[in-house]
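# Observations on chain architecture
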Amino acid sequence: MENLGSVPWPPEPIRTERLVLRGPEARDRAAFIDLLASPEVNAYVGGPRPRDELERNTPEVPQQWPGSFVADLDGELIGHVLLRRTTGTGRPAAVGKADLGYLFLPRAWGLGYAAEACSAALAWLEGIFPGEPVMLTTRTANLASMRLAAKLGFTEVERYQDWGAEQWLGRRSPVTPAA
């Protein structure tokens, strides 16, 4: 994966009903480490990373690049939404297209925050790259992520085996205004 390229970054904070999407800041470092070290959060994405390694290697302002949004609830990071471009090492149907990824702390699960944050990030992307489709990959065993993909308008492109499990690749076609 690579970043989206030379887009204005960070954007003005994006306000939703309950959240603020913004670029990462130094105050988010501890929460990013919690997110990446959490066994629950990373159960379907390769497992948690060792906390001591994260403490040593996480920069003062983590995950700072175009398309990297903090989902902020009342001034605290509860999740991370990523919009990146799929490189040539990805699935052929996804190469060169924007890709949506997300991780949320367990305390934020089941409350609609991921849908709210991802919808806002996708709307931002549509404003930057009008008409561009977006891809999303998740494990089919991750039922919550499969439900979120459907809620966000992603439809199945293919299923395949990778990382020892069945993966699902979905595509969200651009929204076209009614005539």
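Residues numbered from 1 in each chain as written. Predicted model: local features only at pLDDT ≥ 70, side-chain atom pairs only at ≥ 80, totals over all residues. Heavy atoms only, no water.

### Comments concerning the overall build of the chain
The number of helices and strands found in the chain is four helices and eight strands. Of the regular secondary structure in the chain, the N- to C-terminal order runs β-β-α-α-β-β-β-α-β-α-β-β. Taken over C-alpha atoms, the radius of gyration comes to 16 Å for the chain, in line with the 16 Å a tight globule of 179 residues would show. Along the longest, intermediate and shortest principal axes, the C-alpha atoms of the chain span 50 × 40 × 30 Å. With 179 residues in all, the chain has 47% of them scored as buried. Counting contacts in the chain only where the partners sit at least 6 residues apart, residues at least 24 apart contribute 64% of the total. When the accessible area of the chain is evaluated, it comes to approximately 9200 Å², of which 52% is carbon and sulfur surface. The chain carries 19 positive and 22 negative side-chain charges, and their two centres are separated by 3 Å. (Helix = DSSP H or I, 4+ residues; strand = E, 2+ residues; numbered from the N terminus. Rg over C-alpha atoms; globule rule 2.2 N^0.38 Å. Buried < 20%, exposed > 50% of the residue type's maximum accessible area, 1.4 Å probe, protein only. Contact = heavy atoms within 4.5 Å. Areas by Shrake-Rupley, 256 points an atom, 1.4 Å probe, with all protein chains shown as cover. Lys, Arg positive; Asp, Glu negative; His and termini not counted. Charge placed at Lys NZ, Arg CZ, Asp CG, Glu CD.)

### A few points about the sheet that holds strand β8 (residues 165-172)
With mixed pairing, the eight strands of this open sheet are ordered in space as β1-β2-β3-β4-β5-β6-β8-β7. The open sheet terminates on both sides in strands that have one partner only, identified here as β1 (14-15) and β7 (155-162). Alignment of strand β3 (residues 68-73) against strand β4 (residues 76-85), held across six bridges, turns out to be antiparallel. Its bridge partner being in β4, S68 is matched across the sheet by L82. Contacting β3, β4 and β5 (98-104), helix α1 (residues 29-37) crosses the sheet at an angle of about 70° to β4. Packed on one face of the sheet, helix α3 (residues 113-128) meets β1, β2 (20-22), β3, β4, β5, β6 (134-139) and β8 and runs near 40° to β4. (Pairing = 2+ DSSP bridges. Axes fitted to C-alpha atoms, helices over the stretch in contact; angles between N-to-C directions.)

### Focus: unusual backbone geometry
For the peptide bond that leads from W9 to P10, omega is -5°, which places it in the cis range. Note that P10 resides in the segment before β1. One non-glycine residue with positive phi stands out, namely Q63, at about 55°. Summarising the element assignment, Q63 is placed in the loop between α2 (51-57) and β3. The phi dihedral of W163 is positive, around 55°, even though this residue is not glycine. Along the chain, W163 falls in the loop between β7 and β8.

It is worth stressing that arrangement in space is one thing and function is another; only the former is reported here.
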